[in-house]
Amino acid sequence: SSQTDISLRQSAVAFLYNVSHHLSHREGSKAPQAEENEELSEAVMAILIGCLENLMEEKDVVSLTRRYMCLGQLLKAKRFGKNAIGLVRDLGLFDGVCEHREYYSDLDSLAKEVANLLDM
């Protein structure tokens, strides 16, 4: 990958992190029963799947870090985090992701935290 490709991926994932942060912190439904069980929006599903797809092929540590941070934001969201965790588990998208620890020790704690959120 050229430096331009890497910079573009890093910028794209930084944008996704900002969107993830906004989606997980904006006010949701006012109904008490919906507070922790809100349906996943298309945007949330697209970011979850996009961050997990080809995660094992990503070689840039900055892009990887940001992808894990996006995942953590969405999986910890009070309004829809449980549903996000369920989707990732149901689709088997996180299988084997912690293998990054072998290559990037800097990612160890982030990968473990995301794995813990998924109870893996």
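For the structure itself, consult the block above.
Owing to the predicted nature of the structure, the values given are computational and were not obtained by experimental measurement.

Observations concerning helix H5 (residues 108-117)
Okay, so step 1: The complete set of buried residues in H5 reads Leu110, Ala111, Val114 and Ala115. When H5 is viewed along its axis, its buried side chains cluster within an angular range of 135° and face the same direction. Away from its buried face by more than 90 degrees, H5 exposes Ser109 and Asn116.
Okay, so step 2: Those residues of H5 hidden inside the fold are in contact with helix H3 (61-75).
Okay, so step 3: Count one or two residues on from H5 and you reach Asp119, which has phi positive near 55°.

A few points about the environment of Met56
Okay, so step 1: One can find Met56 in the loop between helix H2 (42-52) and H3.
Okay, so step 2: As for Met56 and Phe94, which are separated by 38 residues in sequence, their C-alpha atoms are 9.9 Å apart.

Observations regarding unusual backbone geometry
Okay, so step 1: Backbone geometry at Asn54 places phi at a positive 55°, although glycine is not the residue there.
Okay, so step 2: Within the secondary structure layout, Asn54 lies in the loop between H2 and H3.
Okay, so step 3: Since its relative accessible area comes to 54%, Asn54 is described here as exposed.

Remarks on the side chain of Glu38
Okay, so step 1: Looking at the secondary structure, you find Glu38 in the loop between helix H1 (3-25) and H2.
Okay, so step 2: Side chain to side chain, Glu38 and Arg79 meet in a polar contact 2.5 Å long.

Here is what the cut-offs are and how they apply
- Residues numbered from 1 in each chain as written.
- Predicted model: local features only at pLDDT ≥ 70, side-chain atom pairs only at ≥ 80, totals over all residues.
- Heavy atoms only, no water.
- Buried < 20%, exposed > 50% of the residue type's maximum accessible area, 1.4 Å probe, protein only.
- Helix = DSSP H or I, 4+ residues; strand = E, 2+ residues; numbered from the N terminus.
- Arc of directions from axis to C-beta.
- Contact = heavy atoms within 4.5 Å.
- Polar contact = N/O pair within 3.5 Å; in protein donor to acceptor, adjacent residues only side chain to side chain.

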